Amino acid sequence: MNAALRTVGTIAVVALAYFATAQVGLVLALVKGQVTPLWLPTGISVAALLIAGRRIWPGIALGAFAANISLSAPLVSALVITAGNTAAPLLAWYLLTRLGFRPAIDRLKDALLLVFAGALGAMLVSAVVGTMALRFGGVIAWRDVPAVMSVWWTGDAMGVLVFTPLLLTLPKQWRAPPARLAEAGVLLVSAALVASFVTMSGARLLFLVFPMLIWAALRFQHAIAAPCAAIISVAAVMSAAGGHFSTTTLLTTMIVLQAFNGSVALTGLILSAITSERNEARRAIERACEQLAETVARSQEERVRKRFGRIVPPG
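Keep in mind it's a predicted model, so treat the numbers as computed, not measured.

A. Spatial organisation of helix α6 (residues 123-136). With 14 residues, α6 should cover 20 Å at 1.5 Å per step; its first-to-last C-alpha distance of 20 Å lies within 8% of that length. For α6, the complete set of buried residues consists of Met123, Ser126, Ala127, Gly130, Thr131, Ala133, Leu134 and Arg135. Elements that come into contact with the buried residues of α6 comprise α2 (40-52), α4 (75-98), α5 (108-121) and α7 (145-168). Looking one or two residues beyond α6, the residue adopting positive phi is Gly138, at roughly 80°.

This is how it looks when you write it as structure tokens:
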């Protein structure tokens, strides 16, 4: 009974989180008020499935349906889009679990699986299904299908790349010296300030965010690199939605924006995974050296005992 209640509660929380973050994402929509370049609910859905298992999928479906109905979408279109938005995270969960993905993302393999299986591969489902639903629902014309599908796909993929690592690797508690905590705080604040400045000033200064992102990945791995990547990506999308990110055409803006967000997400994700893998290898070597030293010491003691153990001390 308690397990069933916990499952129902988890489903309700996932549905509420999906709907709330969908409203935030739709504020930043750049195509017909329907498609956003950074779809937060997808990242939340994949993370929830990896943490709680596939039994919480009704929460994703309920949240997606409520989000689509709130846009006054036709019932059939809302149902079809909901099916695509539910199927894509489920496919991502299935592929990741079958291929040996670890939610800690502490190996390069995990980072690559999240990129290619969880984000780029699985999110094609929601992009194709959603775009076709908009087309046959009369929301977009055939000439807009390629653009809408590409924006939908990259938006869902960016949601997975930016927010799934953030949720999966949130530290349950910080146990670190005050100086290290201060360093982490300075990194997060600096990332927010620099990201706001460079995204408002156009695409020419975007490279300035990468030193902080690399610093966060090398020093703190996902615990700080993932929040930094999320802050930078959200700042870039807000700038694009406000018309400050680029003054060129929508297509050019989308290409630059998604290339930038993809570079930010991949830099933080892969560099953090490689650093975690290196640190674990170093700890394994240290443990092996300690065990070897203990074995050698015990062996020497045994040899001494065998050689001198029967000698009776004088007196």
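B. Expanded view of the packing of aromatic side chains. Scanning all chains against the criterion turns up three aromatic pairs. Aromatic pair Phe136 and Trp142: ring centres 5.8 Å apart, planes at 90°, arrangement edge-to-face. Assessed through its relative accessible area of 63%, Phe136 is described here as exposed. Relative to Phe260, the ring of Phe210 has its centre 6.4 Å away and its plane inclined at 85°; by these criteria the two rings are edge-to-face. Residue Phe210 is found in helix α9 (residues 210-220), and its partner Phe260 is found in helix α11 (residues 250-308); the two are separated by 50 residues along the sequence. Taking NZ or CZ as reference, Arg219 lies 5.9 Å from the ring centre of Phe220, over its face.

C. Representation of the environment of Ala241. Mapped onto the elements, Ala241 comes out in helix α10 (residues 222-241). The sequence separation of Ala241 and Leu28 amounts to 213 residues, and the corresponding C-alpha distance is 5.5 Å.

D. Structural detail: unusual backbone geometry. Within the chain, Ile105 stands out as a residue other than glycine whose phi angle is a positive 50°. By the element assignment, Ile105 lies in the loop between α4 and α5. Even without being glycine, Gln221 reaches a positive phi, approximately 55°. Residue placement: Gln221 occurs in the loop between α9 and α10.

E. Broad picture of the side chain of Thr42. Mapped onto the elements, Thr42 comes out in helix α2. Overall, Thr42 belongs to the buried group, its relative accessible area being 5%. For Thr42, the contacting residues outside a window of four places in its chain are Met123, Asp156 and Val160.

Scoring rules and cut-offs
- Residues numbered from 1 in each chain as written.
- Predicted model: local features only at pLDDT ≥ 70, side-chain atom pairs only at ≥ 80, totals over all residues.
- Heavy atoms only, no water.
- Helix = DSSP H or I, 4+ residues; strand = E, 2+ residues; numbered from the N terminus.
- Expected span 1.5 Å × (residues − 1).
- Buried < 20%, exposed > 50% of the residue type's maximum accessible area, 1.4 Å probe, protein only.
- Contact = heavy atoms within 4.5 Å.
- Phe/Tyr/Trp six-rings, centres within 6.5 Å; stacked < 30°, edge-to-face > 60°.
- Lys NZ or Arg CZ within 6 Å of the ring centre and 35° of its normal.

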